[in-house]
Every structure is written in C-alpha cells, then in structure tokens.
Amino acid sequence: MALGVMCAAHIHADTRPNIVFFLVDDMGWQETSVPFHTEVTELNRRYHTPNMQRLAADGMKFTQAYASAVCSPTRVSAITGMNAARHRVTNWTLRKNASPDNPHKTLQPPVWNVNGICMEQGIERTYQVTPLPSLLREAGYRTIHVGKAHFGAKETPGDDPLNLGFDINIAGHAAGGPGSYWGEKNFSAAWRTDPPAIIWDVPGLEDYHGKNIYLTEALTLEAIKAVEQSVAEKEPFYLYMSHYAVHAPWEKDDRFYQTYIDAGLKPFEATLASMIEGMDKSLGDVMAAIKRFGVENNTIVIFMSDNGSPSQCPRNLPLRGHKLTPYEGGTREPMIVKWPGVTKPAASCDTPLIIEDFFPSILELAGVDWHGKTKQSVDGRSFVPLLKGDQIESEDRNFIWHFPHNYSGQGSFSAIRRGPWKLIHHHSDQRLELFNLETDIGEKHNHASDQPVRVKQLANELGKELRSKQALMPINKITGKPVAFADKLLQDE
Ligand code: CA
C-alpha cells in the first residue's frame, strides 16, 4: 500500500461508513415476509424473514429495484456500473470460451464476453474494467468478498475476486452455484457421478468439511470473523456478502425445514423456504455482529437479490415470469437499505432504479470520487439522494435489459422501461410487447397493436440506447447478419 493511501486511510478511518452489500442469489420479489407489493401476498405469508423485516423497519424499502434476469450480467453491472448491453457479459459464465447457450433454429448468439471481466489487458472475450472494490481499496477500505463471485470464467483472472480489487476472498470463484450446501458433502458435487461436476465445488472452507453445517452458516461465520478483524484494526470495511443461497441445488436447511413441512408445504417448497430463512438468519447474525463490535451506527446495510426466482419455484404473483425472462418476475428484486441516521425508519420508495446504479451509489456512500478513474463508461446513477428522502426525476430515464441468447427455454430479447411503459423486443420473431406497469403490474395486456405511436417512440429509445452502448445482437443464421434493433425494424415496415 502506498504511503499516501495509508495516510488517507488513517485520516478518514473514524468517520467513513462501513458498507455491507448483502446480495442474495435467485431470490424473487415476493420470497420474503416483507411486503414489496401494495398488499400482502400469499408468498409473503409463506416465508419467514424476520431480519429483513427488522432491516425494513429501520431503513428504506425499494419497490421497483431492478437487476438483469440472470446472474453474471447482474453481478458485473453492480461491480462496474455498466449496463449489460455495454459490458457484453450477457449470459452466465463458467468455462473459458464456452457459452451455455442452447442451439436455436434461426439465431446464433453474438461473440459476447463469455469469459466475464478482468482488470488485465488482452484477455480474450473479457471486458477490461476498474471494479468497485479496487476503487474502495485504493481509498483505504478493507474489501472483503464472501460467497458467490461469478465475475469471470475458469482459467481467466476474473475467476478470482482477489484479481478484482478484493483484499480477502472467502469461497468465491467462477461458478455461479455451489456443488452442495452441506458440510457433510464438503460443499462439493463430486458425489454426483453423472456428469461429474467438481467445477462447482466451493473453494476454501476446508475447516467445515465433513461437518454438519449449512453453507450459508459457514459463510456467515467467516464473514463475521473478517469484519471483527477489520474493526479491531480500525479500517473501514466493505463487506460483499454474496450468498450462494437460494440458488440451485435446492438442498434443505435442516434448521428450518420441518417448520414448513408442518405448515403443510410440499418437500420442494419447504426446502426453498428453509433456504430463504437460513439466508435471513445470516442477515440477522451479520447485523448482530456489527452491533456487538460497536459499529452499528456507522455501517450501511444494503440488501438485494440478483434476479427473479427460477421457473422451478412458485410464481412471484402478482408478477409475470421467472428468472431469465424479460417480465417483472425475472428482474424486479427485493431491495432494502439502512443508513443509520439518514434513512427514515420504515420508509418506502417507489422510484425505479437498476443494478448498475449500485456502483456510483456505493462509491458516493464511501466518499470516493470515481469520476475519471474508471476504464469503463459508467451507465449507473447514484440512488443516494433517495436515501436522504430527496426525489430523483425518473420519468424520462430509460431502463435497458439485453439478452441476445437462447437459454433454458428463454429466447433472445431486448427491453426498455420508460415511465410506466415497458417495451419488449423478442429477437427471433421480431415480436413486440408493450405493457403499462402502473395499471398492469402482471403484464397481462399487450398494447403493442393499439398504441403504435408509443411503440415507435420506445423502439426509437431502445435502438438509440443499444447503439450507443455498442450492444451485440444475435446473428441470423440465414443472412449471416445481426438482428436489427427495434427502431430499424419499424422503419423497414
Ligand atoms: Ca442468480
């Protein structure tokens, strides 16, 4: 560490806030006892997340917080501030140069960044970036990574969070899921014989191998140790508490499972509920530790999920769709922020925001001026004014999703939200859908044919946004050309 940085760290160490970014995997908008809809839903009644309720009671709940519809794009957007259309890590990553896309009759995926992100130059099919933790570290923060990373493919630098600005890495690597949640199985998938799947084995955590402990608990214990050390050494910390839960493989958390069986849930439903409650216990344990260490009043806690619930899970009514889809069930997430002394207790904010906003927001919370210091262009906007109770004008803001892939039943699409309106462009058949989210949160009524002027306006905005980000469209196998952007499509009619 350079001397100047050390001095800066000492000067600010007492006042700068610690930041906990608590990110859950594959948790849907309704999979909590905290109501994010205007009314309490069936799923709100099913799940028990008392610590999320406490966080919401102390902080601000966001009812229209968006992510990408799948893991890696969301995680890359949060750590870089770029929209997925720009960073081009548009599907999930794992093996070097190997895309998980399924073959499609007429389309093939573009040459996307299948190897994720990295800080190094010249790594094929990656986006070279200045990641969030590297800026925090430079400013004197201790940057702690716990859990799922999923930023870059195996055998590339982005596999290891230590190459992305983290000082400490506990259990993170290329894979977007754990081999197993069970300590008895060493958190490994080696026991799966067909196919052998050791690429998913959780690295580290050897102390817990062979023991009766759930992965969520092991990660929490290790995170608390790292926080305790940081507090003892008087360094402000950034804890990226990125749980593998509640992503597949769905394996029951025995601490909570039986309660849900007794409540009448089927084994799969009770398994998912137990994983959610285990995750919530982790949130409670982290908050309790912060209090015990005497830094509660100077620690900001941000709760978020990375995409909607998978299709195997119950629908998050009233939302339509699941993980991977362009509908709200794929992208709308439960988000809560507690900033002691700033966010009003039990506040609720309906202003839409999106995952790339986390980058400038977290840096602003940490007091780090990042302008002019990043290799990448940042698309995100800070949501810090909202935490202070100020308004942000969002009626004219374009929110963009881009998935030029065919995977697990979901075809290639782009989508835009502007004000209450959302336009979806399905690439394979050039179909357009237009929904009014204010009056139709379930996206049941497609207005594409009865609102041609609005369709044209949104298609123009979508085309402009994708073009400015140099978005990659899928390739038409017959013509060998990329699929046209939505605005071009309408011009040709
Ligand atoms: Ca995910």
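About the cut-offs
Residues numbered from 1 in each chain as written. Predicted model: local features only at pLDDT ≥ 70, side-chain atom pairs only at ≥ 80, totals over all residues. Heavy atoms only, no water. Donors = N, O, S within 2.8 Å, 3.2 Å for Na, K, Ca; no water. Tetrahedral: all angles 85-135°; square planar, octahedral: opposite > 155°, others 65-115°. Helix = DSSP H or I, 4+ residues; strand = E, 2+ residues; numbered from the N terminus. Buried < 20%, exposed > 50% of the residue type's maximum accessible area, 1.4 Å probe, protein only. Polar contact = N/O pair within 3.5 Å; in protein donor to acceptor, adjacent residues only side chain to side chain. Contact = heavy atoms within 4.5 Å. Domains from an automatic or database assignment. Buried area = accessible area lost by both parts, 1.4 Å probe. Salt bridge = Lys/Arg side-chain N within 4 Å of Asp/Glu carboxyl O. Nonpolar A, V, L, I, M, F, W, Y, C, P; charged D, E, K, R; others polar. Core = buried A, V, L, I, M, F, W, Y, C linked by side-chain atoms within 4.5 Å. Pairing = 2+ DSSP bridges. Expected span 1.5 Å × (residues − 1).

Novice: Would you mind showing me how to read the coordination of the calcium ion here?
Specialist: Between any two of four tetrahedral donors, the ideal angle at the metal is 109.5 degrees; between two of six octahedral donors, it is 90 or 180 degrees. Surrounding the calcium ion are the protein donor atoms Asp 25 (OD), Asp 26 (OD), Cys 71 (SG), Asp 306 (OD), Asp 306 (OD) and Asn 307 (OD1), which sit 2.2 to 2.6 Å from the metal. The coordination sphere of the calcium ion comprises 6 donor atoms, whose angles at the metal cover 52 to 153°; the geometry is irregular.

Novice: Help me understand the side chain of His 426 in this model?
Specialist: Here His 426 is to be found in strand 15 (residues 421-426). Relative accessible area serves as the criterion here: at 8%, His 426 is assigned to the buried category. In this structure the side chain of His 426 is engaged in a polar contact, spanning 2.7 Å, whose partner is the side chain of Glu 433. Non-local contacts of His 426, meaning those with residues more than four positions away in its chain, are made with Pro 326, Tyr 327, Ser 412, Phe 413, Arg 431 and Glu 433.

Novice: What am I meant to see in the domain arrangement of the protein here?
Specialist: Interface size, as often reported, equals the accessible area lost upon joining of the parts. In terms of domains, the protein is made up of domain 1 (8-104 + 112-387) and domain 2 (412-491). Taking only C-alpha atoms into account, the centre of domain 1 sits 29 Å from that of domain 2. With 21 residues of domain 1 at the interface, the matching set in domain 2 holds 19 residues. Summing both sides of the interface, domain 1 and domain 2 together bury roughly 1,600 Å²; the carbon and sulfur share of this comes to 55%. Taken together, the links from domain 1 to domain 2 amount to 2 salt bridges. Salt-bridge contacts for Glu 433 lead to Arg 320; the nearest nitrogen and oxygen are separated by 4.0 Å. Across the contact surface, domain 1 and domain 2 share 9 residue pairs in polar contact (both at pLDDT 80 or more). Looking at the side of domain 1 that touches domain 2, the elements with two or more residues in it are strand 2 (60-66) and helix 5 (84-87). By residue class, the composition of the side of domain 1 that touches domain 2 is 10 nonpolar, 5 polar and 6 charged.

Novice: When you look at the nonpolar core in this model, what are you seeing that I'm missing?
Specialist: Soluble globular proteins tend to pack their nonpolar side chains together in the buried interior. Counting 66 residues, the largest nonpolar core has Phe 21, Phe 62, Tyr 238 and Phe 358 as the members making the most contacts within it. Two domains each put at least three residues into this core: domain 1 (8-104 + 112-387) and domain 2 (412-491). If we skip the residues at most four places from it in the chain, Phe 62 touches Phe 36, Glu 333, Met 335, Val 337, Cys 349, Leu 353, Leu 386 and Leu 387. In terms of nonpolar packing, the next biggest core, distinct from the first, is built from 60 residues, Val 20, Ile 290, Ile 336 and Ile 441 among them.

Novice: Even after reading the chapter, I still don't get the pairing of strand 15, so can you show me in this structure?
Specialist: The side chains of a regular strand alternate between the sheet's two faces. Counting buried positions over the 6 residues of strand 15 gives 6, a clear majority of the element. Along strand 15, one buried face is formed by Trp 421, Leu 423 and His 425 and the opposite face, lined by Lys 422, Ile 424 and His 426, is buried too. Sheet analysis places strand 14 (residues 413-418) next to strand 15, joined by 6 bridges and oriented antiparallel. Bridge pairing links Ile 416 to Leu 423 in strand 15. Counting the residues that bridge the hairpin from strand 14 to strand 15 gives 2 residues, and of these Gly 419 lies at a positive phi of roughly 60°. Note that strand 15 and strand 16 (residues 431-436) share 6 bridges and pair antiparallel. Each residue of the ladder has a partner; that of Ile 424, found in strand 16, is Glu 433. Between strand 15 and the antiparallel strand that follows it, strand 16, lie 4 residues; Gln 430 among them carries a positive phi value of about 60°.

Novice: Please clarify how unusual backbone geometry should be interpreted in this entry.
Specialist: One can expect most non-glycine residues to show negative phi and most peptide bonds to be in trans. For the bond running from Ala 245 to Val 246, omega is 10°, close enough to zero to count as cis. Take Val 246: it is sitting in the loop between strand 8 (237-242) and helix 8 (257-262). The peptide bond linking Leu 317 to Pro 318 adopts the cis configuration, its omega dihedral lying at 15°. One can find Pro 318 in the loop between strand 9 (299-305) and helix 10 (328-331). With a phi angle near 60°, Asn 97 is a residue other than glycine that sits in the positive phi range. Position of Asn 97 among the secondary structure elements: in the loop between helix 5 and strand 3 (107-108). On the basis of relative accessibility, which here comes to 35%, the residue Asn 97 falls in the partly exposed class.

Novice: I'm lost on helix 13 (residues 452-468) in this one. Help?
Specialist: Because each turn of an α-helix spans 3.6 residues, side chains separated by three or four positions in sequence point in the same direction. Between the first and last C-alpha of helix 13 there are 24 Å, a value that for 17 residues agrees with the 24 Å anticipated at 1.5 Å per step. Val 455, Leu 458, Ala 459, Glu 461, Leu 462, Gly 463, Glu 465 and Leu 466 are the residues of helix 13 that are buried. Considering only its buried residues, helix 13 is in contact with helix 5, strand 13 (399-403), strand 14, strand 15, strand 16 and helix 14 (486-491). Just beyond helix 13, the residue with positive phi is Gln 470, at close to 50°.

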